[in-house]
Amino acid sequence: MNEPLYAAIWRGKANGSFRTYEVPRHESQTVLDVVTYVQRHLDPSLAYRFACRVGMCGSCAMTVNGTPRWTCRTHVAKVMTGNTLRIAPLAHLPIIRDLVTDMREFFDKWKRAKGEFAGGRTRCDDFARVTPNSPERVAADAGVECIGCGVCYAACDVVGWRADFLGPAALNRAWTLVNDARDVGGRVRLRAVAGDAGCHACHTQGSCTQWCPKHLAPTAAIAGLKRATAKAAERGEL
Amino acid sequence: MSTVATQVKLWYWQRLSAMALAICVVVHLAVIIYASRGGLTAGEILGRTHGNAPFAAFYSVFVVACAVHVPIGLKTIAVEWLRWRERNASIAAVIIALALLVMGLRAVYAVAA
C-alpha cells in the first residue's frame, strides 16, 4: 500500500491529452478518491463532477482504463493495471473540460423517447391499484433503478455509429413506462422509440447490460420494446 | 429517410428471413454432405436436379430469403460503419436485392428446369 499510483487524467477538451499525477495509495481507495486528491492537492484546475459519493446520483461516471464506470463505487484495486490508472471523460458525449462532459444530448434523448410519465387520472380519481407481482410491474421494476449516469450510453457502440440513436438508458426508461399500468402515453411512446433511431438499431451486443453499475439490463428492455413495437406495427399503430 | 413504420417492417422482415435462412442453410449443408459422401460429378448433380420441383421450390425460398435478408443488413453496415447517407444506402440495398433475386432465381432455373 505504500507504493504510489500513477493516474493519467484527461486534461482539456476533445483535442486535449493525458497528464500523469502521482497519488498516494490507500486501502479501499476509490477512483473518485484519486481524482479528488489530484484536484485538492496537486492541480486545483482539474474539472470533474460528483455529488453523493454513494452511488445514488449518477454524476461521477468516467472512463477508467477504457471502461465506463461510476467512479465513487469503483475501487482502485479492482480496476488498476500495474500501478497506473487511465481516467478519461465518458465516451460519446462532448467534452466540456477535463473529465466533465456535456450530458444535454443524453437527457434530451430521454425526452425524445417520451420518458416522462403520462397519467390519465386526476386527483379526484381513486388510486390506481397495481399488483406488485403482475408481469408488467415486474418488467417495470427491473428497470426503474436507473440513476442516469450515462455509463450504458458511453458503452454502446451503436450510439457512436448513429448520432440520433436514443441509447440504452432512454429506451430502458421508455420500457418501464410501457409496462406502467397507469401510463396512457403508450402509442405515442412506441412510435417514438421504434425504428432506426430507436430500439431497432440495437445490435444486442449487451455492453450496456455488462457495464451498468446498477446491474440493470437495458438489452432486455430494448428486446421488450422490439416485441411491443412489432405488435403495434401489426395493428397499424406506428 | 424512410418512415418509422417502414424501418420496423424491414427489421421484422430481416428477422423472418433469418429464420428461413437458418433452416435453409442447415438443410443445404446436410444435403451437400450426405449427397457427396462417395464423390459426385456435375453431370450426376444435374441428373438429380433437372425437373425436380421440390428442389426448385426449396432453393427459390432460399434465394428469396437471401434477397430480403442480405440487403437490409448491408444497408445498416453502410450507414453505421461506412457513414453512407441513408438514402444512398437504401438505393444500393435495392440494387443488391434485385441482383441477388435475379441471379439466384436464374441459377435455380438453370439447374432445376
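Described below are features of the structure shown in this document. (Residues numbered from 1 in each chain as written. Chains lettered and ligands numbered in written order. Predicted model: local features only at pLDDT ≥ 70, side-chain atom pairs only at ≥ 80, totals over all residues. Heavy atoms only, no water.)

### Quick word on the interface of chain A and chain B
Taken together, the contact between chain A and chain B spans 17 residues of the former and 14 residues of the latter. Roughly 1,300 Å² of surface becomes buried between chain A and chain B when both sides are summed, with 56% attributable to carbon and sulfur atoms. Looking only at chain A, the three residues that lose the most surface to chain B are A:W161, A:R162 and A:D196, adding up to 40% of its buried area. Inspection of the region where chain A meets chain B yields two salt bridges. Note that B:K75 is salt-bridged to A:D196, the shortest N-O span being 3.8 Å. Counting every contact that joins chain A to chain B gives six residue pairs in polar contact (both at pLDDT 80 or more). Those elements that place two or more of their residues in the side of chain A that touches chain B are helix 6 (157-161) and helix 10 (218-234) of chain A. Of the residues forming the side of chain A that touches chain B, the biggest block, five residues, is contributed by helix 10 of chain A. (Contact = heavy atoms within 4.5 Å. Buried area = accessible area lost by both parts, 1.4 Å probe. Salt bridge = Lys/Arg side-chain N within 4 Å of Asp/Glu carboxyl O. Polar contact = N/O pair within 3.5 Å; in protein donor to acceptor, adjacent residues only side chain to side chain. Helix = DSSP H or I, 4+ residues; strand = E, 2+ residues; numbered from the N terminus.)

### A look at the packing of aromatic side chains
According to the stated counting rule, one finds 11 aromatic pairs over all chains in the structure shown. Aromatic side chains A:W161 and B:W81 sit 5.7 Å apart centroid to centroid with 65 degrees between the ring planes, which places their arrangement in the edge-to-face category. One end of the pair, A:W161, is in helix 6; the other, B:W81, is in the loop between helix 3 (53-80) and helix 4 (86-112), on a second chain. By relative accessible area, which is 57% here, B:W81 ends up exposed. Look at B:Y59 and B:F62: their rings are 6.0 Å apart centre to centre, the planes differ by 20 degrees, and that puts the pair in the stacked class. Residue B:Y59 and its partner B:F62 are both found in helix 3; the two are separated by three residues, about one turn of the helix. The pair B:Y59 / B:F62 is uniform in exposure class, with both members buried. Members of the aromatic cluster, each reached through a chain of ring pairs, are A:F106, A:F107, A:W110 and A:Y153. The ring of A:F18 has A:R86 lying over it, and the distance from NZ or CZ to the ring centre is 3.9 Å. Directly above the ring of B:Y34 sits B:R37, whose terminal nitrogen or CZ lies 4.3 Å from the centroid. (Phe/Tyr/Trp six-rings, centres within 6.5 Å; stacked < 30°, edge-to-face > 60°. Buried < 20%, exposed > 50% of the residue type's maximum accessible area, 1.4 Å probe, protein only. Lys NZ or Arg CZ within 6 Å of the ring centre and 35° of its normal.)

### Looking at the environment of A:G55
Residue and element names in this part refer to chain A. Among the structural elements, G55 can be located in the loop between helix 1 (31-42) and strand 3 (61-64). A C-alpha to C-alpha distance of 30 Å links G55 and G119, two positions 64 residues apart in sequence. For G55, the contacting residues outside a window of four places in its chain are W70, C72, R73, I147 and K214.

### Comments concerning unusual backbone geometry
All names here are of chain A. We note that K114 has phi near 55 degrees; this positive angle belongs to a residue other than glycine. For K114, a relative accessible area of 31% gives the class partly exposed. Located in the positive-phi region is H215, a residue other than glycine, with phi close to 55 degrees.

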